[in-house]
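Coordinate analysis (summary)
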Amino acid sequence: MSKSIILCGVGGQGTILASRLIASAAMKKNLPIKTAETIGMAQRGGSVFSHLRIGEADTPLIAKGQADLIIAFEPGEAVRQLPFLRKGGAVVVSSRPVMPVSAMIGKSTYDANAMLTYLKENVEHLTIVDADQAAKDLGSAKTLNVVLLGAAIRSGELGLDEEEIIQAMKERIPEKLWNMNLQSLAWSK
Amino acid sequence: MHKEFLMGNEAIALGALAAGVNLVAGYPGTPSTEVLETIAKRNPGNVYVEWSINEKAGMEVAAGAAYAGARTMVTMKQVGLNVASDPLMSLEYIGVKGGMVVLVADDPGPISSQTEQDTRTFGMFSKVPVFDPCSVNDAYEMIQEAFEVSEKHGTPVIFRATTRVDHGYEAIEVKDAEEYKSIKPEGFVKDSGRWVIFPRLSVKNHALIEKRNVELADEFSAYSRNVILKEKQPCKKGIATHGANFGYVKDTCKERDLRILRVATPFPFPEKLALEFLEGLDEVLCVEELDPVIERALIYVCGKYGLNVKIRGKKTGDIPASGENTLEIVDAAIAKFLGESKVPKGDALAAPPALPVRPPVLCAGCPHRASFYAVKMAMKGQKTIYCGDIGCYTLGNAQPLDMCDTCLCMGAGIGIAQGVFHTEPDTKCFAFVGDSTFFASGITGTINAFYNQADLTLVILDNSTTAMTGHQPHPGTGRTVMGQVVEKVSMEKVLRAIGLTTVETVDPLDYALSVETVKRVTAEPGVKAIIFRSPCIALTKPSGKSAVDPAKCIACGKCIRELGCPALILGEDGKKAKIDTSLCTGCTLCEQICPVKAIAGGTKNDTAKEGKANE
Ligand code: SF4
Ligand code: SF4
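Residues numbered from 1 in each chain as written. Chains lettered and ligands numbered in written order. Predicted model: local features only at pLDDT ≥ 70, side-chain atom pairs only at ≥ 80, totals over all residues. Heavy atoms only, no water.

A separate point is the overall build of chain B. Within chain B, the regular secondary structure consists of 22 helices and 22 strands. Taken over the C-alpha trace, chain B has a radius of gyration of 27 Å; the compact-globule value for 615 residues is 25 Å, and the two agree within 12%. Principal-axis analysis of the C-alpha atoms gives chain B an extent of 80 × 70 × 55 Å. Expressed as a percentage of its 615 residues, the buried residues of chain B come to 59%. Long-range contacts, defined here as pairs at least 24 residues apart, represent 77% of the contacts in chain B between residues at least 6 apart. Charge-centre separation for chain B: the mean point of 67 positive side chains lies 2 Å from the mean point of 74 negative side chains. (Helix = DSSP H or I, 4+ residues; strand = E, 2+ residues; numbered from the N terminus. Rg over C-alpha atoms; globule rule 2.2 N^0.38 Å. Buried < 20%, exposed > 50% of the residue type's maximum accessible area, 1.4 Å probe, protein only. Contact = heavy atoms within 4.5 Å. Lys, Arg positive; Asp, Glu negative; His and termini not counted. Charge placed at Lys NZ, Arg CZ, Asp CG, Glu CD.)

So this is what it looks like as structure tokens:
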């Protein structure tokens, strides 16, 4: 099996943990795995992305038009990464925008609804996750990454099933948080 | 052996441990930091590890231990090597007894650095052999070989990786702790003819180094990581590459038939192997990042042996002169090189709406925001220059704070402020420097300014950690990377010992007091210092978060417009302010500047106020 997956969002949103969970699950299946992460200044509220390649690959980076799946923590960031999606690939996106400071102080503009409309027009295989509703139902916005991961499993493009992700989660997350995370993973069912 | 999913830097650290490294020193800097952190975390118990005050100190500590026969490593980012260049240049002439690896992380892009300098070029300049890994697994194996080469030839070696290798992850096989080499250092053996650098020794050793590097070039020609991937059908074109680019070339050449040379040791250049690669070729494309090192070396080889092979790359404009290479750039360059007519893959997407602009910003509740804002307000209407420095606080340059007029390199802000003062004495000159940067390279500049009669205000932004690189301890924090609690070095005492008479410490989250302090201190003549002390928000737990009372808010927008805190957003009505509770740390800065006191509820952490977060 080989899968190319991109996770993207804004620094501080928890993309790295999600990428780690996918990697551990792939590793448990004895699949080769390579990833590339944004670490450094961009983690302070900048655009961040992870590239993951499951299966034999010469580099962790994914070329444009080659990603099977994009898991986006933010609508604008999904659009930014869209050129990497292959034809027929899937996008899982959180509906909740993160307003950049530059837009708040009037130095730039950001219309998040236009992003969602654009995604709907250009991506056939699209799952929009209502992050606000998820946070309300789950009582916390902290597990958005796991909610998105659940939706990614159900997109069929992750190449890993729910049980495999749960096993990886149990190894990485303290036991007292398991319940919360299991609920989050199942939320989009 | 067992399998682990590792970051490149973690793999390098585990490789060094497997090679029996006895001592590791370094200074944090993206993308190198995790190497030393991993050594500390995975220390089998017998490795001495330290975060040194700067790269020069780290290089000297590692050299001393290597004189005594220990295997040592010193870690830094590429610009850190500039700081450590003085000891390194001389050390190459003296040599080492124990294996010594200088781990330097280069940053094409640059993603988190000031320059795009190439440590391969530095290796050539300093005559130090250079290793250039191409993947996480390659780095793990290669660092062990680097120690062997260093010890065999009695020279320090440079192990330089780039961001994509340092911060790439891979599931790889690594040794168990029981399989680690055990190195028992012999100890320092006195021999002033060997360890004391004098002109007579230098000229003798210089000749030996040149001779050795010729031999090493031959040795490297047979080194298994310098490889030629042969073509299937006879061909006239070849690609020479290195590091992460080797992966890009292989990935984009799956359906192409070419001869490929991967150079793992750019210096001394494996000339014999290059000759074998060039045999029968008409043209070579060098796919490189940073400097055209391989390109120049191949041009030299062609000239030396009278070969008629055209060498293309950065010098011919076939590869971009700056920036990071991507799969697309490499693919397009190779297509052009082969004269392919490229059909673009997939349908072009419709043009997207304007994408959000997201430069990195200071975190919500960051005490630096409060410090900058206080100085800005206190100095309103006066002619000022705000010289910045390297750290999170460089982000103070962003709107709306706009409090960083210059930034050059570690500690430079103080000298720059001094230079501006001597040129236009009517400007109020400020140098902002972080705590770690002050210790790393701010003290000399302060003495220089003080002794040479400058008039400037030194503002130390003390958040009790090295925040930008992930919170490493420094001499002001009172703890070491080995977990010892030690006597802190007091910056107040250091400044007073230099001779400064005005040294004031204030909590920047007390807005009124901060503004008052800045006004009072800057009125004094000479060099004076304000220490804004409040811990990085990543070190404290927020307690009470602030909230806007919509009944009181008059929608003036002041808080949002002037502070630029990411937690301050517009409410549902699009006019009144609202606080994103998932981000707010309750720093209370916005509460203190709201003209109608519409914001309340934030409580600063008390341990934070006393600066005890680290203990
Ligand atoms: S108290 Fe105000 S300024 Fe401080 S973090 Fe919260 S919203 Fe930002
Ligand atoms: S400064 Fe006060 S009144 Fe003005 S927008 Fe902010 S909360 Fe409302």
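The next point concerns the overall build of chain A. Helix and strand counts for chain A stand at 8 helices and 6 strands. For 189 residues, the compact-globule formula gives about 16 Å, and the C-alpha radius of gyration of chain A, at 16 Å, lands near that figure. Taken along the three principal axes of its C-alpha coordinates, chain A extends 50 × 40 × 35 Å. For chain A, buried positions account for 58% of its 189 residues. By sequence separation, contacts in chain A at least 24 residues apart represent 64% of the contacts at least 6 residues apart. In the form shown here, chain A has an accessible surface area of approximately 7500 Å², with 48% of it arising from carbon and sulfur atoms. Looking at chain A, you have 21 positive and 19 negative side-chain charges, and the mean spots of the two groups are 4 Å apart. (Areas by Shrake-Rupley, 256 points an atom, 1.4 Å probe, with all protein chains shown as cover.)

According to the domain assignment, chain B contains domain 1 (2-221), domain 2 (227-338), domain 3 (367-538) and domain 4 (547-600). Here the C-alpha centroids of domain 2 of chain B and domain 3 of chain B sit 47 Å apart. (Domains from an automatic or database assignment.)

It is worth spelling out the site of ligand 2 at this point. In the vicinity of ligand 2, the contacting residues are B:Val548, B:Cys553, B:Ile554, B:Cys556, B:Gly557, B:Lys558, B:Cys559, B:Ala577, B:Cys594, B:Pro595, B:Val596 and B:Ile599. Looking at side-chain class alone, the shell around ligand 2 contains 10 nonpolar, 1 polar and 1 charged residues. (Near = heavy atom within 4 Å. Nonpolar A, V, L, I, M, F, W, Y, C, P; charged D, E, K, R; others polar.)

Below, the discussion takes up the nonpolar core. Residues and elements named next belong to chain B. Within the largest apolar cluster, 75 residues are counted, with the highest numbers of intra-cluster contacts made by Val375, Phe432, Phe438, Leu458 and Leu495. Examining the composition of this core, we find that 6 residues originate from one element, helix 15 (residues 367-378), more than from any other. For this core, the domains that each give at least three residues are domain 3 (367-538) and domain 4 (547-600). Discounting residues that sit within four places of it in the chain, Phe438 has contacts with Val433, Ile443, Thr446, Leu458, Ile460, Met491, Val494 and Leu495. Counting residues in each nonpolar core, the second largest holds 60 residues, with Val24, Val47, Phe131 and Ile334 among its members. (Core = buried A, V, L, I, M, F, W, Y, C linked by side-chain atoms within 4.5 Å.)

Moving on to the site of ligand 1. Residues in contact with ligand 1 amount to 13 residues; listed here are only the nearest, B:Ser546, B:Cys565, B:Cys584, B:Cys587 and B:Cys590. A per-class count over the shell around ligand 1 returns 8 nonpolar, 5 polar and no charged.

What follows concerns the pairing of strand 10 (residues 237-241) of chain B. All names here are of chain B. Where burial is concerned, most of strand 10 is hidden: 4 out of the 5 residues are buried. Pairing of strand 10 with strand 12 (residues 283-287) involves 5 bridges; the strand directions are parallel. Following the sheet pairing, Ile239 is matched in strand 12 by Leu285. By the bridge criterion, 4 bridges tie strand 10 to strand 11 (residues 259-262) in an arrangement that is parallel. Residue pairing in the sheet places Ile239 in a bridge with Ile260 of strand 11. (Pairing = 2+ DSSP bridges.)

With that settled, the discussion passes to the state of the cysteines. Using the criterion set out here, one finds 0 disulfides over all chains in the structure. Not engaged in a disulfide, the cysteine B:Cys409 finds its nearest cysteine sulfur in B:Cys407; these two sulfurs lie 8.3 Å apart. (Disulfide = S-S within 2.5 Å.)

Let us look at the sheet that holds strand 1 (residues 3-10) of chain A. Strand order in the open sheet formed by 8 strands is 6(A)-5(A)-4(A)-1(A)-3(A)-2(A)-8(B)-1(B), with mixed pairing between adjacent strands. Only two strands of the sheet have a single neighbouring strand rather than two, namely strand 6 (125-129) of chain A together with strand 1 (2-7) of chain B. In this sheet, neighbouring strand axes are inclined to one another by 20 degrees on average, regardless of whether the strands run parallel or antiparallel. Sheet analysis places strand 5 (residues 85-94) of chain A next to strand 6 of chain A, joined by 5 bridges and oriented parallel. Across the sheet, A:Val92 pairs through a bridge with A:Thr127, a residue of strand 6 of chain A. Relative to the sheet, helix 4 (residues 112-122) of chain A contacts strand 5 and strand 6 of chain A, its axis offset from that of strand 6 of chain A by approximately 150 degrees. (Axes fitted to C-alpha atoms, helices over the stretch in contact; angles between N-to-C directions.)

With that out of the way, let us pick up the interface of chain B and chain A. For interface size, the figure often reported is the accessible area lost on association. Across the boundary between the two partners, chain B contributes 51 residues, which contact 50 residues of chain A. Of all residues in chain B, B:Phe5, B:Tyr169 and B:Arg358 bury the most surface against chain A, accounting for 18% of the area lost on that side. If you look at where chain B meets chain A, you find 6 salt bridges. B:Lys254 is the salt-bridge partner of A:Asp58, the closest N and O atoms lying 3.2 Å from each other. At the junction of chain B and chain A, the tally comes to 14 residue pairs in polar contact (both at pLDDT 80 or more). Those elements that provide at least two residues to the side of chain B that touches chain A are strand 1, strand 8 (168-174), helix 11 (243-252), helix 14 (327-338), helix 20 (558-563) and strand 20 (568-570) of chain B. (Buried area = accessible area lost by both parts, 1.4 Å probe. Salt bridge = Lys/Arg side-chain N within 4 Å of Asp/Glu carboxyl O. Polar contact = N/O pair within 3.5 Å; in protein donor to acceptor, adjacent residues only side chain to side chain.)

The end-to-end C-alpha distance of helix 6 (residues 144-155) of chain A is 16 Å, a good match for the 16 Å that 12 residues give at a rise of 1.5 Å each. In terms of burial, helix 6 of chain A is largely enclosed, as 11 of its 12 residues are buried. (Expected span 1.5 Å × (residues − 1).)

On to the pattern of salt bridges. Residues and elements named next belong to chain B. Counted under the stated rule, the structure contains 53 salt bridges over all chains. Of the charged contacts in the structure, one is a salt bridge between Asp132 and Arg160, with a shortest N-O distance of 3.1 Å. Linking Asp132 in the loop between strand 6 (130-131) and helix 7 (136-153) with Arg160 in strand 7 (residues 157-162), this pair joins segments that are 28 residues apart in sequence. Per residue, the accessibility class of Asp132 equals that of Arg160, and both read buried. A salt bridge links Lys272 to Asp218; its shortest N-O distance comes to 3.2 Å. In this pair, Lys272 is assigned in helix 12 (residues 271-278) and Asp218 in helix 10 (residues 199-221), connecting sequence segments 54 residues apart.

Right, let's talk about the sheet that holds strand 9 (residues 227-229) of chain B for a bit. Residue and element names in this part refer to chain B. One open sheet accounts for 5 strands, arranged 9-11-10-12-13; its pairing is mixed. At either end of the open sheet lies a strand with only one pairing partner, and these are strand 9 and strand 13 (310-312). Taken pair by pair, the neighbouring strands of this sheet meet at an average axis angle of 20 degrees, ignoring direction. Sheet strands touched by helix 12: strand 9, strand 10, strand 11, strand 12 and strand 13. Its angle to strand 11, the strand with the most contacts, is close to 170 degrees. Contacts from helix 14 reach strand 10, strand 12 and strand 13 within the one sheet, and its direction differs from that of strand 12 by about 170 degrees.

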